[in-house]
Amino acid sequence: MPLIVMCGYPCSGKTTRAEELKGYFEESSQRKVHIVGDKGLDVEKNSVYADSQKEKNVRASLKAEVERKVTKDDIVILDSLNYIKGYRYELFCLIKHTQTPHCLVYCLTSDEQSSLWNASREAAEQYDQEIFDALVQRFEAPDSRNRWDSPLFTILKDDTLPFEAISDALFKRKAPPPNQSTQSQPLSSVNFLYELDKITQDVLMAIFNAQKTSVPGDLIPVPGATEKVELTRSINMAELRKLRRQFISYAKMHPTENTGQIANMFVQYLNKSLH
């Protein structure tokens, strides 16, 4: 029966959501629900995600476990980062081969929120900050236009899971409804929120890395922008993140239909704020 693929940044609430889904389907459908995830493999995540070969082996083990668990009667929830689109495509090929329906549940958070949740965990359960930042930077967000990422449910941190819609998408093949958090703001679509988060993060990383070889007065090019950042002084990541949060708050109140302008808007905001 169906495979539910969880997806999101480290510490974005995936495990909590997976448990909520497990409880719902066990109660509503009387089916067995299996959660397959990193915890079940008893791996040390900082060690795994610091070594590409170890990470590849873990992904292969998770996929093999999913393949073993998928039956005509049970529901399987894959609770892992699933941040590589090529891997999600492999999972799609698996369920296509077994003629099993699936859906994707994307826990969309900002990197700041996920970082706070990471810091609140017990030390043994935390991602090292370097590993956390690298995973965020490598993250390939799902896109409902891709058949392997559809049906797609994007869930913000304060959302209630749309249990019935997810069930319908799996068992009745109905298209999922729009994200409830954005229904009253047509322009503030899931795609806009994702692009806003990703583009501003890319700009921050470009500035942070450029400062290693630049001096005050340099103009720093950033991804997706025709304008350049006027670096009048050295600026640390904490200040950059604060400015990014302020810009995101503003942009959410004034969403644009042209996401291609987000990078230039952010550069203009930074240039005004840094002077």
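An unreviewed UniProt entry annotates the protein as Protein KTI12 homolog originating from Acanthochromis polyacanthus. Within the UniProt record for the protein, the comment given under Sequence similarities (unreviewed entry) is "Belongs to the KTI12 family."

Engineer: Tell me about the packing of helix 10 (residues 237-253) against helix 11 (residues 262-274), and name the residues and values.
Structural biologist: Closest axis-to-axis distance for the helix 10/helix 11 pair is 11 Å, and the angle between their directions is 120°. Here helix 10 is positioned oblique relative to helix 11, judged by the angle of their axes. In this structure, helix 10 crosses over helix 11, and the sense of that crossing is right-handed. For the pair formed by helix 10 and helix 11, the contact residues are E239, L243, R244, Q246 and F247 on the first element and I262, M265, F266, Y269, L270, S273 and L274 on the second. Residues of the contact of helix 10 with helix 11, tallied by class, amount to eight nonpolar, two polar and two charged.

Engineer: How would you explain the environment of T256 if you had to name every residue and give the values?
Structural biologist: By secondary structure assignment, the location of T256 is in the loop between helix 10 and helix 11. In the structure, T256 is positioned 61 residues away from E195 in sequence and 11 Å away in space, judged by C-alpha atoms. Those residues in contact with T256 that sit more than four places away from it in its chain are F192, I262 and M265.

Engineer: Requested: an account of the domain arrangement of the protein, with residues and values cited.
Structural biologist: In terms of domains, the protein is made up of domain 1 (3-182) and domain 2 (191-274). Measuring from the centre of the C-alpha atoms in domain 1 to the corresponding centre in domain 2 gives 29 Å. At the junction of the two partners, domain 1 supplies 14 residues and domain 2 supplies eight residues. Carbon and sulfur atoms supply 50% of the area buried between domain 1 and domain 2, which totals about 940 Å² over both sides. Counting the surface domain 1 buries against domain 2, the share from its top three residues, D111, E112 and Q137, is 44%. Where domain 1 meets domain 2, there are three salt bridges. D111 is the partner of R244 in a salt bridge, and the nearest nitrogen-oxygen pair spans 2.5 Å.

Engineer: I'd like a rundown of unusual backbone geometry, residues and numbers included.
Structural biologist: In most cases, non-glycine residues show a negative phi, while peptide bonds are predominantly trans. A cis geometry characterises the amide bond from S150 onward to P151, with omega recorded as 0°. The residue P151 is located in the loop between helix 7 (129-138) and strand 5 (152-155) in this model. The phi torsion at C11 lies on the positive side, around 60°, for a residue other than glycine. With respect to the helices, strands and loops of the structure, C11 is situated in the loop between strand 1 (3-8) and helix 1 (14-29). At Q30, a residue that is not glycine, the phi angle is positive and equals roughly 60°.

Engineer: Describe in detail empty space enclosed by the protein, supporting the description with residues and values.
Structural biologist: By the definition in use, this model includes one cavity of 30 Å³ or more. Here the largest cavity is characterised by a volume of approximately 90 Å³. Of all the elements, helix 4 (residues 52-69) adds the most residues to the lining of the largest cavity, at four residues. Here the residues of the lining of the largest cavity are counted per class, giving seven nonpolar, two polar and three charged.

Parameters at a glance
- Starting afresh in each chain, residues are numbered from 1 along the sequence in its written order.
- In view of the model being predicted, local features appear only for residues whose pLDDT reaches at least 70, and side-chain atom pairs are presented and counted only at 80 or more, with totals across whole chains, interfaces and linings using the full set of residues.
- Heavy atoms from the whole structure form the basis of all side-chain values; hydrogens and water molecules are not counted.
- UniProt positions are given in the numbering used here, feature names are shortened, and annotations may be inferred rather than shown by experiment.
- To obtain each axis, a line is fitted to C-alpha atoms, and for helices this fit is confined to the stretch in contact; angles are then taken between N-to-C directions over 0 to 180 degrees.
- Only DSSP runs of H or I covering at least 4 residues are called helices, and only runs of E covering at least 2 are called strands; the numbering of each starts at the N terminus.
- If an angle is under 35 degrees, it is roughly parallel; if it is over 145, roughly antiparallel; if it lies from 65 to 115, roughly perpendicular; otherwise it is oblique.
- Should the near helix be turned counterclockwise from the far one by less than a right angle, the crossing is left-handed, whereas a clockwise turn marks it as right-handed.
- Whether two residues are in contact is decided by their heavy atoms, any of which lying within 4.5 Å being enough.
- When residues are sorted by character, Ala, Val, Leu, Ile, Met, Phe, Trp, Tyr, Cys and Pro go into the nonpolar class, Asp, Glu, Lys and Arg into the charged class, and all the rest, Gly among them, into the polar class.
- Note that the domain bounds reflect an automated or database-derived domain assignment.
- Put simply, buried area is how much 1.4 Å-probe accessible surface two parts lose in total, over both of them, once they are put together.
- Salt bridges are identified by distance alone: a Lys or Arg side-chain nitrogen within 4 Å of an Asp or Glu carboxyl oxygen.
- Using only the protein atoms, space was sampled on a 1 Å grid; points where a 1.4 Å probe fits but cannot get out form cavities, open sets with protein on both sides within 12 Å along at least five of seven lines form pockets, and lining residues are those with an atom within 4 Å of a point.
- Grid points are joined across faces, edges and corners, and a volume is the space filled by probe spheres set on the points.

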